[in-house]
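# Per-entry structural report
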Amino acid sequence: MLVALGAFGAAAYVILTQSPLIALHPYFLAIETVVVAAFTATGVMLIRVQHQVATGVSFIVAGFLFSTTGVDVLGGPFTFVSMLASGIYTLPLGYGVLKYRNKWLTLEHKSWLVVAFSFIVIGTALQGILSKPEWNKYSSDAWWPTLYADPDLYQALVSVLGAGWCVIAVWMCWIQLRRVVNENPFDRKTLLPFTIGSIILAASTAIISTSLALSPSFSLYQAYALLGLIMAVLLLSLLASLVARLLLQSKLLNDLPYLATPTAVRDYLRQALNDRTLEVFYWDPPASAYVVPDGRPYNTQSHSDDSQEYVISGTGEPIAIIVGHPAVLRDWRRLDEVRSVSYGIIANAQLQAILQARVTDLAASRQELVHERELAARALARDLHDGVQQTLYAARMDVMSLQAAIHPGSIADSLGSVCEKIDKAIDQIRATTRGYRPLELTGGLQPAIANIADQLKMRVDLDIRRIDLGRLEEVLYYALKELLLNIFKHASAQSVRIQLAKFGDLLVLEVTDNGIGTADPAGSGLAGVRMRIEDSGGIFEMSSTAGEGTRVIARWDFV
């Protein structure tokens, strides 16, 4: 590449200096040859290495347009072309700056390009029509499209053009600064050097263009030397940006083996592929399905239509699936590069996700066992209370009737002893059935829930009316306990509100939080709450919207 560029520079030098039509100063030729070579090399690198075709092509075009800005500065048929090119080359350069690592140009970017192009073309044309070549620091015998030369009108126009250059430059700087501020921390660090270089370019170009028109002592030679220097600054800032990206990616890869959790892998891939919507799901061989990082099953049909899947596999079996923006995942070469450096880390994260899936399954099984135990314990307590205890009461009444029917004596005393034993058995049954009631409910439901909130260090607004809940009190206690634990672990909520009130023959429980929303009703925690409420004769309802929190409502017929 360097040999080809050198040959191009030598050929250009011979052709331009030997042409009878073009009066080109060797000083300008040297600057332009260096600039063209540098911008061409940079453009090729952006296309081949970074796969940024639009940015690379625009930089190459800008370099070649810049090479025409020194044509006929000594006088000749193309002098006005030289002046026009001195402004137009900034348009592909500005496009390249805006397009660098930027998939889509916003309306503001496009507006800047249209305004800058119109301003440069119209302003330069007017400057040529309303002036003489020597006013623009060209040779007096140069060809110039003068229609009406008025010094006062020319100076007014130059002042307006200078102010316009400054406004366009400030606008460009503002766009670049806002872009850096709005990027993620990774891209912000890598874009900062290039942003500084582009701001220097925009500001310096405005200053040089204004000085060239307004300052009599500012020559074309000085202007071209400064512009060449500014181009070098821009290219060096681009190189610094690329080096910063490589160093940060290397640091991420060095850190990831120690932080290779599924979340860390997802965050790395989001940064490496520049897609904030990207998600990673892992293949669970025993289940023959993909799972989310916390071990829950993932439905491959659940993502939006504007997403695309990319499967990472090894030894004939899937490892993970990446779901992201189609424009990103169509860049197969870039994906393959990322996969090659992070394959082992993704495989490690897969093992963690599979392990979490087993833990989730065990937790769900344990929850079911606990629920079944509670149901069995309550059934036993009910049977003891309604069956054995009532039978003992009946036997005691019969014994007391016999005791009253006979005369006092040894038999009556024996019957009295039997009554005492029956009373003792009844007391034991009562003690046993009371043992299935949580000790935390000794002081009532509201203090018990407040105690759970204090232990979790959660801000919970409790509005629980004083109602004789009977056996529903235990159901409500366990349900609210599970809901608070679920909110604590998954919702990232700042506040929770719990309301329990009776409306006519209806008992209503409402739990709302201001967390991240998108709660999964099929998750083990919420599924257990639903089962507990429905087993007690209630109706369970839930709504959960992203960014708006979650709302759970339970209703019972309560007379």
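Residues numbered from 1 in each chain as written. Predicted model: local features only at pLDDT ≥ 70, side-chain atom pairs only at ≥ 80, totals over all residues. Heavy atoms only, no water.

Let's shift gears to the overall build of the chain. A tally of helices and strands in the chain yields 16 helices and nine strands. A burial count over the chain gives 42% of its 559 residues as buried. Pairs at least 24 apart in sequence give 65% of the contacts found in the chain among residues at least 6 apart. About 29000 Å² of surface is accessible on the chain, with carbon and sulfur atoms providing 62% of the total. (Helix = DSSP H or I, 4+ residues; strand = E, 2+ residues; numbered from the N terminus. Buried < 20%, exposed > 50% of the residue type's maximum accessible area, 1.4 Å probe, protein only. Contact = heavy atoms within 4.5 Å. Areas by Shrake-Rupley, 256 points an atom, 1.4 Å probe, with all protein chains shown as cover.)

Let us look at the nonpolar core. Proteins that are soluble and globular tend to have nonpolar side chains buried together. In this structure, F39, F59, F66, L93, W112 and M231 are the most contacted members of the largest nonpolar core, which totals 46 residues. Contributing elements (two or more residues each) for this core: α2 (26-48), α3 (53-67), α4 (79-88), α5 (90-99), α6 (107-129), α7 (151-182), α8 (185-214) and α9 (220-255). Looking at which element gives the most residues to this core, the answer is α9, with 10 residues. The contacts of L93, once residues within four sequence positions are left out, are F39, F59, A62, L201, M231 and L234. By size, the runner-up hydrophobic cluster in this structure holds 36 residues, among which are A491, L507, L526 and F558. (Core = buried A, V, L, I, M, F, W, Y, C linked by side-chain atoms within 4.5 Å.)

The next thing to look at is the side chain of S131. Examined against the element boundaries, S131 turns out to sit in the loop between α6 and α7. Accessibility expressed as a relative area gives 0% for S131, which makes it buried. A polar contact of 3.3 Å, which involves the side chain of S131, links it to the side chain of W144. Apart from the residues within four sequence positions on either side, S131 is in contact with N136, W144, T146, Y148, A149 and Y154. (Polar contact = N/O pair within 3.5 Å; in protein donor to acceptor, adjacent residues only side chain to side chain.)

Our next topic: the pairing of strand β6 (residues 496-503). Two elements, strand β5 (residues 460-464) and β6, share five bridges in a ladder whose sense is parallel. In the strand pairing of β6, D463 is matched with Q499. For the crossover from β5 across helix α15 (residues 472-491) to β6, the handedness is left-handed. Bridge count between β6 and strand β7 (residues 506-513): eight bridges; the pairing is antiparallel. What sits directly across from Q499, in β7, is E510. Here β6 hands over to β7 after two residues, with G504 in that stretch at a positive phi of 65°. (Pairing = 2+ DSSP bridges. Right-handed = clockwise from strand over helix to strand, strands pointing away.)

With that out of the way, let us pick up the pairing of strand β8 (residues 539-545). In this sheet, strand β9 (residues 549-557) lies alongside β8 in antiparallel orientation, the contact comprising seven bridges. Residue S543 lies in a different strand from β9, and its bridge partner there is R551. In textbook terms, the turn of a hairpin is the stretch between consecutive antiparallel strands, and for β8 and β9 this stretch comprises three residues, one of which, G547, has a positive phi near 80°.

Counted by the stated rule, this structure contains seven aromatic pairs. Their ring planes at 50° and their centres at 4.6 Å tell us that Y100 and F194 sit as a pair that is tilted. Here Y100, found in the loop between α5 and α6, pairs with F194, found in helix α8; they are 94 residues apart in sequence, far enough to count as distant. F194 matches Y100 in its accessibility class, with the two residues each being buried. (Phe/Tyr/Trp six-rings, centres within 6.5 Å; stacked < 30°, edge-to-face > 60°.)

Before going further, it helps to spend a moment on the confidence of the model for the chain. For the chain, the mean per-residue pLDDT works out to 76, and 69% of the residues sit at or above 70. Ranking the elements of the chain by mean pLDDT puts helix α1 (residues 2-18) last, at 50, and α5 first, at 90. (pLDDT = per-residue confidence, 0-100.)

Interaxial distance between α3 and α5 falls to 8 Å at its minimum, and their mutual angle equals 155°. Regarding the angle of α3 to α5, the classification is roughly antiparallel. The element α3 and its partner α5 pack so that their crossing is left-handed. The segment α3 lies against α5, with A54, T55, S58, F59, V61, A62 and L65 engaging P92, L93, Y95, G96, V97 and K99. Residues of the contact of α3 with α5, tallied by class, amount to nine nonpolar, three polar and one charged. (Axes fitted to C-alpha atoms, helices over the stretch in contact; angles between N-to-C directions. Parallel < 35°, antiparallel > 145°, perpendicular 65-115°, else oblique. Left-handed = near helix turned anticlockwise from the far one by under 90°. Nonpolar A, V, L, I, M, F, W, Y, C, P; charged D, E, K, R; others polar.)

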